[in-house]
Amino acid sequence: MTRIRAARIAVTAVVPAELVLVVCLAAGMRLPGWALAATEVLVVAVLLLEAWVLYGLYAAGRARGAGRGEAWREALRAVVPVQVRRLLRHELHALAALGRWTVRGRHGVRPGDLAVAYTGPQTAMMYGMLFVSVVETVALALLIPWPAVHRVVLVLDVYGILIVLALHAACVTRPHVVRPDGSVLIRYGALFGLAVPADAVASVRVERRYPEGRLVTLSPDGVLDLIVGSQTTVTLELNRPLRFTRPLGATGEARTVRFHADDPRALVTALRRLPAVS
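This section reports on the structure supplied with the text. (Residues numbered from 1 in each chain as written. Predicted model: local features only at pLDDT ≥ 70, side-chain atom pairs only at ≥ 80, totals over all residues. Heavy atoms only, no water.)

1. Overview of the overall build of the chain
Here is the rule: Comment: elements are numbered from the N terminus, with helices defined as DSSP H or I runs of at least four residues and strands as E runs of at least two. Exposure categories follow from relative accessible area, calculated using a 1.4 Å probe and restricted to protein chains: below 20% of the type maximum is buried, above 50% is exposed, and the middle band is partly exposed. Any two residues having at least one pair of non-hydrogen atoms within 4.5 Å are treated as being in contact. The Shrake-Rupley method, run with a 1.4 Å probe sphere, supplies the accessible areas, and residue values consider only the shown protein chains as cover.
A tally of regular secondary structure across the chain gives seven helices and nine strands. Counting over 278 residues, the chain shows a buried share of 38%. Partitioning the contacts of the chain with sequence separation of at least 6, the portion at a separation of at least 24 is 68%. In the form shown here, the chain has an accessible surface area of approximately 15,500 Å², with 64% of it arising from carbon and sulfur atoms.

2. So, the sheet that holds strand E4 (residues 192-196)
Stated formally: Being paired, for any two strands, means DSSP has found at least two bridges between them. In this analysis, axes come from line fits to C-alpha atoms, helices being fitted only over the stretch in contact, and the angle between any two N-to-C directions falls in the range 0 to 180 degrees.
Strand order in this open sheet of four strands is E1-E2-E3-E4, and the pairing throughout is antiparallel. Two strands lie at the open edges of the sheet, namely strand E1 (114-116) and E4, each paired on one side alone. The mean inter-strand angle of the sheet, taken between neighbouring strand axes irrespective of direction, is 15 degrees. With three bridges joining them, E1 and strand E2 (residues 176-178) adopt antiparallel strand pairing. Across the sheet, the residue bridging to alanine 115 is valine 177, located in E2.

3. Concerning the sheet that holds strand E6 (residues 216-218)
Spatially, the five strands line up as an open sheet ordered E5-E8-E9-E7-E6, and their pairing is mixed. Edge strands, defined here as strands with exactly one partner in the open sheet, are strand E5 (201-209) and E6. Across the sheet, the axes of successive neighbouring strands diverge by a mean angle of 35 degrees, strand direction being ignored. Here E5 pairs with strand E8 (residues 232-245) via six bridges, running antiparallel. Across the sheet, serine 203 pairs through a bridge with glutamate 237, a residue of E8.

4. Quick notes on the pairing of strand E7 (residues 223-226)
The alternating pattern of E7 places Val223 and Asp225 on one face and Leu224 and Leu226 on the opposite face, and all of these are buried. Of the pairings in the sheet, the one linking E6 to E7 comprises three bridges and is antiparallel in character. Within E7, the position partnered with valine 216 by the bridge is leucine 226.

Right, dumping it as structure tokens:
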């Protein structure tokens, strides 16, 4: 357990340090040779530690009879914190959504499915953030007199603009989905996804609410709010609790799901066509 804890602490600490180094180099900063050497030695040491711990866990998993893929997955879960894994996955999915957005593609939507958008309340805000970010980038370019600092800030600002655009693209390309069998896929970009089986749907209705809280909010009585633009427009009652995963890996159980849809009546009508749903 001690070596696993050391590996988790090391990977959590070295990732931000390596990111800072990459940003500085991308910005054209000339770092002292000793700083580059020390950083790379640290990274290599951490990689060797990770490899040693991972292989030990992999060998232990194989000894218990696990397959190769399962043993590697168990080793990665033990060493890399779930928050780091999920953040990296979210970011990669969001960046991939930019390419899908340019060709008007949609993720997880099959023939016969009803895709329901939910980005209406946040589109203006997202583009407003992009505009502010661009203005800030130009202003800082004029105000910062030190070339090295200016290049670092420029790289960070451009990356921030790209991430904001990628998050919005992920929401556009990952809409809610109503399947022909009556199941529902409720999503928010690559950050959240809840698959509701048809036999778990008790009732559905259009209901506009303005709850307070973060994107994913769970009340003590099991009401899950997936809030977009400070509102929800659909209330889905369940006949049994469903487990869901928050963006950073924590889990919970929902008995009622309230979420936003740009066209809530289309979604509700599609579900009410089924005899089991009211």
